[in-house]
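A structural walkthrough
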Amino acid sequence: MIQLATFLFIGAPEVIFILLIVVMVFGADKIPEIARGMGKGMRMLRDATTDIKSEITKSVDKQGIDANVTKNITEEINKVKDDLEDFTGSVKRKL
């Protein structure tokens with residue numbers, strides 16, 4: 001059976017309809033500019049989050065805070081997720 005890919009529970013006809021509305025509202029010549037602006041915005045957001053992460057890491061290293069605590073917590077969370085997945089694997093419905 002062929003399954004159609006959905007994005008946020010939106011099917012292909014809905015995506016085509018949304019794209020049609022976008023083309024009608026903004027015009028075909030404006031779409032590349034809008035996409036370029038969105039790409040630049042996403043790049044700026046990614047760079048900002050990277051800068052924040054590096055500043056936090058530098059601050060933690062400077063203060064001498066043990067960063068392994070978060071690593072241990074993350075490992076425990078992943079273990080719990082794996083256990084839950086093993087438990088619910090037989091219960092989940094197959095599509």
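Scroll up to find the structure.
Residues numbered from 1 in each chain as written. Predicted model: local features only at pLDDT ≥ 70, side-chain atom pairs only at ≥ 80, totals over all residues. Heavy atoms only, no water.

Some words on the overall build of the protein chain
Keep this limit in mind: Every helix listed is a DSSP run of H or I at least four residues long, and every strand listed is a run of E at least two residues long, numbered separately from the N terminus. Burial classes follow relative accessibility: with a 1.4 Å probe on protein chains only, a residue under 20% of its type's maximum area counts as buried, one over 50% as exposed, and anything between as partly exposed.
Check the secondary structure of the protein chain and you find three helices and zero strands. The order of α-helices and β-strands along the protein chain, N terminus first, is α-α-α. Relative to its 95 residues, the protein chain shows a buried fraction of 2%.

Quick notes on helix H2 (residues 31-63)
Rule in force here: Here the expected span of a helix is defined as 1.5 Å times the quantity of residues minus one.
Its 33 residues give H2 an end-to-end C-alpha distance of 48 Å, which sits within 8% of 48 Å, the value for a rise of 1.5 Å per residue. Directly beyond the C-terminal end of H2, a positive phi value near 75 degrees is found at Gly64.

Re helix H1 (residues 12-26)
Between its terminal C-alpha atoms H1 stretches 21 Å, which fits the 21 Å expected from 15 residues at 1.5 Å a residue. Phi turns positive one or two residues past the end of H1, at Gly27, with a value near 90 degrees.

Quick notes on a nonpolar patch on the surface
Note the threshold: Patches here are clusters of residues that have more than 30% relative accessible area and form no salt bridge, with a 9 Å joining cutoff for like charges and a 5 Å cutoff for nonpolar side chains (Val, Leu, Ile, Met, Phe, Trp, Tyr). The accessible surface values rely on the Shrake-Rupley method and a 1.4 Å probe; as for residues, cover is taken only from the protein chains in view. Take a side-chain nitrogen of Lys or Arg and a carboxyl oxygen of Asp or Glu: if they are within 4 Å of each other, that pair is a salt bridge.
Together, Phe17, Ile18, Leu20, Ile21, Met24, Val25, Phe26, Ile34 and Met38 give the surface a local cluster of nonpolar side chains, amounting to about 900 Å² of exposed area. Of the residues examined, Met38 reaches a relative accessible area of 54% and is grouped as exposed.

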